[in-house]
Amino acid sequence: MQNDTLRFKPTVATTCFGMNDGAYSPMTEQKAARYREAQTKIVQEMKKAGVRFIVVGSPGCVDVQTFRNRNHALAEMYNKTLAALRDISKEVADKEGVGFADVFDPMLDVMTKAEAKHGEQYHVCGPDGVHPDNNGHLIMAYAFLKGLGCTGRHRHDHRRSHLKKAEATEGHKVLSASDGSVEIESTRYPFCFYGDPARTDSTRGVLEFLPFNQDLNRFMLVVKNPGAGKMKVTWGSASKEFDGAQLEKGINLAAEFLTNPFSGPFKKLEDQISRKQELETPLVKRTINQIPQVVKSSPGAKDALERRGRRWHCNG
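In what follows, the accompanying structure is described. (Residues numbered from 1 in each chain as written. Predicted model: local features only at pLDDT ≥ 70, side-chain atom pairs only at ≥ 80, totals over all residues. Heavy atoms only, no water.)

**Quick word on the sheet that holds strand S2 (residues 53-57)**
This is how it is decided: Paired strands, as defined in this entry, are two strands with at least two bridges between them according to DSSP. A run of H or I in DSSP becomes a helix once it reaches four residues, and a run of E becomes a strand once it reaches two; helices and strands are each numbered from the N terminus. Fitting a line to C-alpha atoms yields each axis, with helices limited to the stretch in contact; the angle taken between N-to-C directions then spans 0 to 180 degrees. Throughout, a contact is declared for two residues whenever any of their heavy atoms are within 4.5 Å.
Across the sheet, three strands lie side by side as S1-S2-S3; this open sheet has parallel pairing. At either end of the open sheet lies a strand with only one pairing partner, and these are strand S1 (12-16) and strand S3 (99-101). Neighbour to neighbour, the strand axes of the sheet diverge by 20 degrees on average, direction disregarded. As defined by bridge partners, S2 adjoins S3 across three bridges and the pair is classed as parallel. Following the sheet pairing, valine 55 is matched in S3 by glycine 99. Strands in contact with helix H2 (residues 72-96) are S2 and S3; relative to S3, the strand with the most contacts, it is inclined by about 165 degrees.

**Brief notes about the nonpolar core**
Using the following cut-off: Joining through side-chain atoms within 4.5 Å is the link that ties buried Ala, Val, Leu, Ile, Met, Phe, Trp, Tyr and Cys residues into a set, and such a set is a nonpolar core. Burial status follows relative accessibility: with a 1.4 Å probe on protein chains alone, a residue under 20% of its type maximum counts as buried, one over 50% as exposed, and anything between as partly exposed.
Of all hydrophobic cores here, the largest spans 48 residues; its most connected members are Val62 and Phe212. For this core, the elements supplying multiple residues, two or more each, are helix H1 (29-48), S2, H2, S3, helix H3 (104-118), helix H4 (134-147) and helix H5 (212-216). Looking at this core, the element that brings in the most residues is H2, giving eight residues. For valine 62, the contacting residues outside a window of four places in its chain are Met19, Phe67, Ala75, Tyr78, Asn79, Leu82, Met111, Cys125, Gly129 and Val130. Grouped together as the second largest cluster of nonpolar side chains are 15 residues, Leu221, Val233, Leu247 and Phe257 included.

**Overview of helix H8 (residues 263-287)**
Here is the rule we go by: Any helix carries an expected span of 1.5 Å times its number of residues minus one.
In a regular helix each residue adds 1.5 Å, so 25 residues correspond to 36 Å; H8 covers 35 Å between its end C-alpha atoms and thus fits that length. Looking at H8, one finds that the buried residues are Ser263, Phe266 and Leu283.

**A look at the pairing of strand S7 (residues 230-235)**
With six bridges connecting them, S7 and strand S8 (residues 238-243) associate as antiparallel partners. Looking across to S8, one finds that valine 233 is bridged to lysine 240. Here S7 folds back onto S8 in antiparallel fashion, the turn holding two residues, of which glycine 236 has a positive phi close to 70 degrees.

**A word on the packing of H1 against H2**
For the record, the criterion: In a left-handed crossing the near helix is turned counterclockwise from the far helix by less than a right angle, and in a right-handed crossing that turn is clockwise. Gly is put with the polar residues, along with every residue not named as nonpolar or charged; the nonpolar set is Ala, Val, Leu, Ile, Met, Phe, Trp, Tyr, Cys and Pro, and the charged set is Asp, Glu, Lys and Arg.
Between H1 and H2, the shortest axis-to-axis distance is 10 Å and the interhelical angle comes to 35 degrees. Between H1 and H2 lies a crossing of right-handed hand. Counting all contacts with H1, which are made through Ala32, Tyr35, Arg36, Gln39, Thr40, Val43, Gln44 and Lys47, the residues of H2 involved are Leu85, Ile88, Ser89, Glu91, Val92 and Glu96. Considered class by class, the residues forming the contact of H1 with H2 number six nonpolar, four polar and four charged.

**Remarks on the side chain of aspartate 63**
Our working rule: His is not counted, nor are the chain ends, whereas Lys and Arg count as positive and Asp and Glu as negative. Between Lys or Arg on one side and Asp or Glu on the other, a salt bridge is scored when a side-chain nitrogen of the former is within 4 Å of a carboxyl oxygen of the latter. Any pair of N or O atoms that falls within 3.5 Å is considered a polar contact. Within protein, one atom must be able to donate a hydrogen and the other to accept it, and sequence-neighbouring residues count only if both atoms are side-chain atoms.
One can find aspartate 63 in the loop between S2 and H2. Here aspartate 63 is buried and forms no salt bridge, its nearest opposite-charge partner arginine 70 lying at an N-O distance of 6.8 Å. Here glutamine 65 takes part through its backbone nitrogen, which lies 2.8 Å from a polar atom of the side chain of aspartate 63. Filtering out sequence-adjacent residues up to four positions away, aspartate 63 remains in contact with Ala75, Met111, Glu115, His123, Val124, Cys125, Gly126 and Gly129.

**A short note on the pattern of salt bridges**
Proximity of charged atoms lets side chains of opposite charge pair with each other. The tally for this structure, following the rule as stated, stands at 16 salt bridges. The salt bridge involving glutamate 256 is made with lysine 240; its shortest N-O contact spans 2.7 Å. Placement of the pair is glutamate 256 in helix H7 (residues 253-256) and lysine 240 in strand S8, with a sequence separation of 16 residues. Assessed through its relative accessible area of 30%, glutamate 256 is described here as partly exposed. Between aspartate 271 and lysine 267 there is a salt bridge, with the nearest N and O atoms lying 2.9 Å from each other. Here lysine 267 and aspartate 271 lie together in helix H8, a separation of four residues that amounts to about one turn. Classification of aspartate 271 by relative accessible area gives partly exposed; the value is 28%. Beyond isolated ion pairs, a larger network of salt bridges with shared partners links Arg86, Asp87 and Asp105.

**What about the packing of aromatic side chains?**
What counts here: Aromatic contacts are taken between Phe, Tyr and Trp rings whose centres are within 6.5 Å, Trp giving its six-membered ring; a plane angle under 30 degrees counts as stacked, one over 60 as edge-to-face, and the others as tilted. Whether a charge lies above a ring is judged from NZ of Lys or CZ of Arg, which has to be within 6 Å of the ring centre and within 35 degrees of the ring normal.
A complete count under the given rule lists twelve aromatic pairs for this structure. Taking 5.7 Å as the distance between ring centres and 20 degrees as the angle between the ring planes, the aromatic pair formed by phenylalanine 219 and tryptophan 235 counts as stacked. Linking phenylalanine 219 in the loop between H5 and strand S6 (220-221) with tryptophan 235 in strand S7, this pair joins segments that are 16 residues apart in sequence. Exposure class is identical for phenylalanine 219 and tryptophan 235. Each is buried. Taken together, Tyr189, Phe219, Trp235, Phe257 and Phe262 form an aromatic cluster joined through their ring pairs. A cation over an aromatic ring shows up here: arginine 7 above the ring of phenylalanine 8, its NZ or CZ 5.9 Å from the ring centre. Across from the ring centre of tyrosine 194, 5.9 Å away, lies the NZ or CZ of lysine 267, which sits over that ring.

Right under this line is the structure:
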């Protein structure tokens, strides 16, 4: 912990242990005790190091379609073990007074429903049953954002349009409003989704089974006094019709228009984050992690290596 994590003096930290700790076998008292003790020590060490906000994450589940060459009996057995580890993670979080992210339950629920719709070739927990593709990663992100206390309110965009008048909430500026058309400049992006829903590398295939947009990604359009008839809403190049009651209550543009004006810029940002992670992951796992071993054999190199490590971290 000191070398991989605490050396960077984090103020917020999340954990996500359990998949390997279950040893791919039935639960035992010894296994449970070891996991409970280790999780508790991790949280306590973080507290001692000054981490102000900690979220203990549960393990996810294994995929019934792909785990151990589609061995459904083994998948069912191991998911019981992982569920027990989830309970221990929650127990530790409650006892230590820190946050908790339940990854297991939403992943199992979405997996069951999504695979029933998309077929046996569709996996949620990865082709090996353990390491998820983009669809499963979205579920994990949902669990941790909820554990971090995110509510989605920061993406509310109430636009009230009546004839030639429009209003927008914080983060959005009305540039013009005339003849039923409103132009908004936004500094708060909705999360965007890509790809063929039937493919596991797409984040769209699990959306109808995961309340990501409802809970975390609300980009709302509200129309005052819309009348009883239907109205056509055009956002970017796409159009959809809604009745007056829907519009008066408010429609979530992020959910209704998966392809929208934010999609292109959001994808560019996502790609930049991916490239950053591709650099940082091996840097921390290998290069920085080896500094103590190098210093042990060559004490004179300590100061130079530590400076280099801090520089890599800041420039990452």
